[in-house]
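# Fold and contact review
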Amino acid sequence: MPVLVMKFGGTSVANLDRIRRAAKRVGVEVAKGYDVIVIVSAMSGKTNELVGWVEETSPLFDAREYDAVVSSGENVTAGLMALTLQEMDVPARSWQGWQVPVKTTSAHSSARIEEIPTDNIKAKFDQGMRVAVVAGFQGISPEGRITTLGRGGSDTTAVAFAAAFGAERCDIYTDVDGVYTTDPRITDKARKLDRIAFEEMLELASLGAKVLQTRSVELAMRYKVKLRVLSSFEEQSDTAGTLVCDEDDIMESNVVAGVAHSRDEAKMTLLSVADRPGIAATIFTALSDAGVNVDMIVQNISEEGRTDMTFSCPTDQVARAEKALADIKAKGGLNFAELIADKNVAKVSVVGIGMRSHTGVAAKMFKVLSGEGINIKVITTSEIKISVLIDRKYMELAVQALHDAFELDKAA
Ligand code: ADP
Ligand code: ASP
Ligand code: MG
């Protein structure tokens with residue numbers, strides 16, 4: 001029988017009623033003749049609560065125990081979903097990641113899936129089971145420890161299962177009815193896209209559009225998984241939601257496809273470091289060894305052999321970054337006058353494949369921001385995106401102004 005993967009995010013399994021509703025959607029697909037793999041998230045808010053407990057217990061926690069704790073939310077929903085399906089007379093059972101087993105790297109709290117053996121679940125399908133409910137977000141390391149895939153990781157579990165089982169489609173059920181031109185929580189002018197190209201979705205996700213985890217889009221692109229985002233709160237047809245697809249499958253698109261934002265950014269500036277070969281390597285090796293995810297980097301013009309180095313990282317990694325840089329300074333490995341952390345910044349980005357062939361997008365973006373009196377602190381660009389770091393208090397305003405200026409509320 002053809003296999004379908006259906007993933008339900010936190011709000012779609014937030015309570016028993018919603019689990020029943022989701023299970024009914026699964027029942028519809030089973031009745032059509034699919035064997036279904038259901039991937040579930042934890043109930044909404046649960047993972048945040050678990051992370052909070054870990055941080056309160058141990059601020060610079062052992063990541064292996066963090067994973068042991070935060071993976072548990074998905075175990076509850078997987079069992080409840082299987083029970084709900086059984087109550088509907090749909091043959092179903094649950095699997096935790098290690099039981100499949102979802103084999104991952106040992107990079108705790110941000111592990112990557114390396115392999116998903118299919119024989120175990122396939123054998124059950126052969127025996128008449130119709131739904132395999134799998135706890136998302138979790139796996140097992142080569143050392144036999146429980147791992148998690150990074151926040152939003154159930155999306156990646158879903159796409160990885162779709163690839164491993166050659167599923168006909170991977171449906172991501174969430175609290176919005178598709179991928180929008182920008183986060184619909186920021187402007188009601190956001191427009192739902194019927195289709196979006198993998199590359200654009202990849203950029204939007206990595207720049208903060210959390211509707212899909214970045215890694216899930218990467219996997220879908222690599223393994224040619226038919227990926228769809230749709231609402232678990234509405235009745236659905238086979239063409240509902242947004243299809244993430246190849247660029248060639250989209251007829252017309254705007255130069256800018258979407259605007260993304262990322263609220264929890266920090267701008268870190270090292271004042272007066274030596275301007276000589278090896279200094280950048282020293283700084284960024286220390287940060288990477290400490291597990292800091294550096295994003296933007298700018299080096300100022302130097303004066304008398306000294307320069308300032310600015311980088312951005314997530315706000316919750318500022319303490320790690322400060323400690324790593326203070327440690328190498330104390331050991332004599334790096335000399336700097338001061339490290340200034342600005343935790344009140346946000347990143348706003350415009351993304352579109354059309355930028356490859358159209359000029360003037362950056363100029364227009366900067367003009368729009370200056371028109372709103374918004375100062376740009378750092379800029380980075382790639383072939384299909386432009387990102388700026390700005391004061392966080394202007395983030396919503398910037399997104400709305402850019403959405404208006406690039407006329408994203410109108411289809412191409
Ligand atoms: P789930 O719990 O189902 O995984 P998430 O909260 O992770 O759901 O992702 C869905 C949310 O992503 C939406 O509620 C929306 O606020 C946000 N979002 C951000 N950018 C976009 C976008 N471009 N299109 C749709 N949703 C977006
Ligand atoms: N529950 C996890 C999180 O909140 C994984 C997910 O929902 O995708 O990050
Ligand atoms: Mg999510």
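Residues numbered from 1 in each chain as written. Chains lettered and ligands numbered in written order. Predicted model: local features only at pLDDT ≥ 70, side-chain atom pairs only at ≥ 80, totals over all residues. Heavy atoms only, no water.

Just so we agree on the cut-off: UniProt positions are given in the numbering used here, feature names are shortened, and annotations may be inferred rather than shown by experiment.
As recorded in an unreviewed UniProt entry, the protein chain goes by the name Aspartokinase, listed as coming from Sedimentitalea xiamensis. Check the Catalytic activity (unreviewed entry) section of the UniProt entry for the protein chain; it says "L-aspartate + ATP = 4-phospho-L-aspartate + ADP". We quote the UniProt Sequence similarities (unreviewed entry) comment for the protein chain here in full: "Belongs to the aspartokinase family."

### Here we look at the site of ligand 1
Note the following rule: Here, proximity means that at least one heavy atom of the residue falls within 4 Å of the molecule or strand. Between N or O atoms, a polar contact is any pair within 3.5 Å; within protein, one atom must be a potential hydrogen donor and the other a potential acceptor, and residues adjacent in sequence are included only when both atoms are from side chains. Method for areas: the Shrake-Rupley scheme with a 1.4 Å probe, in which residue coverage is limited to the protein chains shown.
Among the 16 residues in the neighbourhood of ligand 1, the closest are listed as Thr-174, Asp-175, Tyr-180, Asp-183 and Arg-185. For ligand 1, an oxygen atom lies 3.1 Å from a polar atom in the side chain of Lys-7. Here an oxygen atom of ligand 1 sits 2.7 Å away from a polar atom, N or O, in the side chain of Thr-174. About the coverage of ligand 1: the protein hides 90% of its 580 Å² of free accessible area.

### Quick notes on the site of ligand 2
Let me state the cut-off plainly: When residues are grouped by polarity, Ala, Val, Leu, Ile, Met, Phe, Trp, Tyr, Cys and Pro land in nonpolar, Asp, Glu, Lys and Arg in charged, and all others, Gly among them, in polar.
Near ligand 2, the surroundings consist of Ser-41, Ala-42, Thr-47, Glu-74, Phe-137, Arg-151, Gly-152, Gly-153 and Ser-154. Glu-74 has a polar side-chain atom sitting 2.6 Å from a nitrogen atom of ligand 2. Across the complex, the protein chains shield 87% of the 260 Å² of accessible surface that ligand 2 would expose by itself. Tallied by class, residues from the shell around ligand 2 come to two nonpolar, five polar and two charged.

### Remarks on helix H6 (residues 154–164)
Note the following rule: Accessibility here uses a 1.4 Å probe with only protein chains present; expressed as a share of the type maximum, an area under 20% marks a residue as buried, one over 50% as exposed, and anything in between as partly exposed. Working definition: helices are DSSP H or I runs of at least four residues, strands are E runs of at least two. Numbering for both runs from the N terminus.
Burial analysis of H6 places nine of its eleven residues in the buried class, the great majority of the element. For H6, the full list of buried residues reads Ser-154, Asp-155, Thr-156, Thr-157, Ala-158, Val-159, Ala-160, Phe-161 and Ala-162. Just beyond H6, the residue with positive phi is Gly-166, at close to 55°.

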